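Observations on the three-dimensional arrangement
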Amino acid sequence: MKDLVIIGGASGLTAAITAARNGKNVTIIEKNSKCAKKLLITGNGKCNFWNEDQNLIHYHSNNKELLNKFITKERQNLALKFINSLGIVPKIKNGYYYPFSNQALSMHNALLLECQKLNIQIIKDLNVTNIIKKETFIINPNKENIKTKNIIISTGSKAAPKTGSDGQGYELAKKFNHNIITPLPSLVQLKGKESYFKNWSGLRCEVTVSLFIDNKFIKKETGEIQLTDYGVSGICIFNLSRYASIAINKNKKVKISINFMPFTEKPKEFIKNLNKNTYKKTTNELLEGFLNYKLIDIILKKAKIKRNIPLNTLTENEINKLIQNITNFELNITETHNMDHAQVCTGGIPLTEINSETLESLKIKNLYFTGEIIDIDGDCGGYNLSWAWISGIIAGKSVK
Ligand SMILES: Cc1cc2nc3c(=O)[nH]c(=O)nc-3n(C[C@H](O)[C@H](O)[C@H](O)COP(=O)(O)OP(=O)(O)OC[C@H]3O[C@@H](n4cnc5c(N)ncnc54)[C@H](O)[C@@H]3O)c2cc1C
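Residues numbered from 1 in each chain as written. Predicted model: local features only at pLDDT ≥ 70, side-chain atom pairs only at ≥ 80, totals over all residues.

Some words on unusual backbone geometry
Where we set the bar: Working definition: helices are DSSP H or I runs of at least four residues, strands are E runs of at least two. Numbering for both runs from the N terminus. Any residue whose C-beta has 12 or fewer other C-beta atoms within 10 Å is treated as exposed, any with 20 or more as buried, and any in between as partly exposed, C-beta atoms being built from the backbone.
In this model, Asn94 sits at a positive phi of 50°, which is unusual for a non-glycine residue. Secondary-structure assignment places Asn94 in the loop between β5 (90–93) and β6 (96–99). Residue Asn94 is classed as exposed on the basis of its 8 C-beta neighbours within 10 Å. Backbone geometry places Asp125, a non-glycine residue, at a positive phi of 55°.

What follows is the structure, given as structure tokens:
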């Protein structure tokens, strides 16, 4: 019989290393022929594994009030120490941590090398489809029949299922009477149905973008967005997407408002002064000073203003409409991209069903969970891997 079996990825490897360093005999089971495949595609292949700003506002859960029990300053310090102990030297860019090598492979290899040094057994190409508990846990009874005293389920969410996290972990948890808060795509692109998308596809703009649900302001983000043939993408959009995803799932009305001139607090003054130092330029020519010409056509059309007319011939009403469409460009969001495109999921096992001290199930003794299968998701910027390290360490050291 085994001491501890861990099923899964980034947080699972962390739990395995922590438990093995504490003298436990550890086995990892992975359904793929390669461990932690998802880690290799994180941060565009560079692995944004941490963020300097560890304020809890960057973490989300349906039981937000419990987050401070699961993610504490002390645990954050442990996670950084853990990464350091793997020999990973960070490159820190605007508070975002990457391996200095700029390669997710460095993190991946460091984790696996440590597993090897600690004699952690890794069973690959084994899909866990069933776990039962008698005196011990039995994994895939009537097949592999692997017996273990403790088990950690680190199977991830449903995001990017091609990497192996296809939601099967939720089914395993359900068999132990755990509830699952419906997993929805997050850190994902937002889609709409506007005919002008084909014209703006490929543009990148520095904006402030605000999210409204049933016309109520929810959150705003500033930075670059990408305008695409299905809608909008980019880090700002990703950071709003969890709220959009949840609202769309509840059939609520989702809208974003884009401010294409976030650089001024006084848009009217700015627009009215545009032709001050220029000679005989039309409105669209003046707007080209700060907007892409493809976007100008869309904005003028929305504002019902003709091209090629001088700015000073616009009526006050037309000026107001123009400004409104530049600073408050409204776009109805009808859906998010699907799980194939999502970086993480909202939802999962409720925090109320897990012991925050140990990450042990409150329903089944010696059963633990780590990582994304738990109802905690983070913003873009390294927060999801931060949670993977933190949860892996806590579960790994709690196993008796
Ligand atoms: C494109 C992309 C980019 C990302 N970039 C970043 C980033 O830069 N920074 C950041 O913080 N986060 C990033 N993330 C999110 C981050 O990768 C995840 O939050 C993190 O990997 C979750 O870790 P985990 O341990 O919960 O599960 P995973 O790392 O998803 O691992 C789960 C593993 O379990 C295995 N498994 C599942 N079910 C079974 C089963 N039944 N039997 C056997 N094995 C099973 C899977 O094959 C998989 O290997 C990114 C995600 C994606 C998709």
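This is not the end of the story, as more comes after the structure.
Examining the site of the ligand
Heads up, the condition is: Here, nearness means that the C-beta atom of a residue, built from backbone geometry, sits within 6 Å of the molecule or strand in question.
Around the ligand, 39 residues are found, and the nearest of them are Gly8, Gly9, Gly156, Gly164 and Gly371. Listed by contribution, the elements that provide at least two residues to the shell around the ligand are β1 (2–8), α1 (10–21), α2 (37–40), α6 (168–175) and α13 (383–398). With 4 residues, the top contributor of residues to the shell around the ligand is α13.

Let's talk about α13
What counts here: Here the expected span of a helix is defined as 1.5 Å times the quantity of residues minus one.
Spanning 16 residues, α13 covers 22 Å between terminal C-alpha atoms, matching the ideal 22 Å at 1.5 Å per step. Where burial is concerned, most of α13 is hidden: 14 out of the 16 residues are buried.

Description of the packing of helix α4 (residues 73–85) against α13
To keep it simple, the criterion reads: Lines fitted to C-alpha atoms define the axes, with helix axes restricted to the stretch in contact, and inter-axis angles between N-to-C directions lie between 0 and 180 degrees. Throughout, the term roughly parallel applies to angles under 35 degrees, roughly antiparallel to angles over 145, roughly perpendicular to angles from 65 to 115, and oblique to all others. A pair of residues counts as a contact when their C-beta atoms, built from backbone coordinates, are within 7 Å of each other. Polarity classes work like this: nonpolar for Ala, Val, Leu, Ile, Met, Phe, Trp, Tyr, Cys and Pro, charged for Asp, Glu, Lys and Arg, and polar for all others, with Gly in that last group.
One can describe the packing of α4 onto α13 by two numbers: an axis separation of 9 Å at closest approach and a directional angle of 95°. Our classification of the angle between α4 and α13 gives roughly perpendicular. In contact with Arg75, Gln76, Leu78, Ala79, Phe82 and Ile83 of α4, α13 contributes Ser386, Trp389, Ile390, Ile393 and Ile394. Its residues assigned to classes, the contact of α4 with α13 comprises 8 nonpolar, 2 polar and 1 charged.

So, the sheet that holds β5
Rules: Only strands joined by at least two bridges in the DSSP assignment are considered to pair.
Strand order in this open sheet of 3 strands is β3-β6-β5, and the pairing throughout is antiparallel. Of all the strands in the sheet, the pair left with one neighbour each is β3 (50–51) and β5. In the sheet, β5 pairs with β6 via 4 bridges, with the strands oriented antiparallel. Of the residues in β6, the one forming a bridge with Pro90 is Pro99.

Examining the domain arrangement of the protein chain
Which entries qualify depends on this criterion: For the domains described, the bounds stem from an automatic or database domain assignment.
Assigned domains within the protein chain: domain 1 (2–184 + 346–398) and domain 2 (190–336). In this structure, domain 1 and domain 2 have C-alpha centres spaced 40 Å apart. Taken together, the contact between domain 1 and domain 2 spans 7 residues of the former and 7 residues of the latter. The class makeup of the residues in the side of domain 1 that touches domain 2 is 2 nonpolar, 3 polar and 2 charged.

What to know about the environment of Lys158
Mapped onto the elements, Lys158 comes out in the loop between β10 (146–154) and α6. Lys158 gets classed as buried once you count the C-beta atoms within 10 Å, which come to 24. Sequence separation between Lys158 and Thr352 is 194 residues; the distance between their C-alpha atoms is 21 Å. Ignoring any residue separated from it by four or fewer positions in sequence, one finds Lys158 in contact with Ser165, Asp166, Gly167, Pro183, Met339 and Cys345.

Overview of the sheet that holds strand β17 (residues 329–333)
The 7 strands lie next to each other as β17-β16-β13-β14-β15-β12-β18, forming an open sheet whose pairing is antiparallel. Sheet topology places β17 and β18 (335–336) at the edges, where each strand pairs with a single neighbour. Judged from the 2 bridges that link them, strand β12 (residues 190–191) and β18 form a sheet pairing that is antiparallel. When the bridges of β18 are listed, Lys191 appears paired with Glu335. Across the sheet, helix α8 (residues 235–249) is in contact with β12, β13 (203–213), β14 (216–227), β15 (231–233), β16 (254–259), β17 and β18; its angle to β14 comes to roughly 135°.

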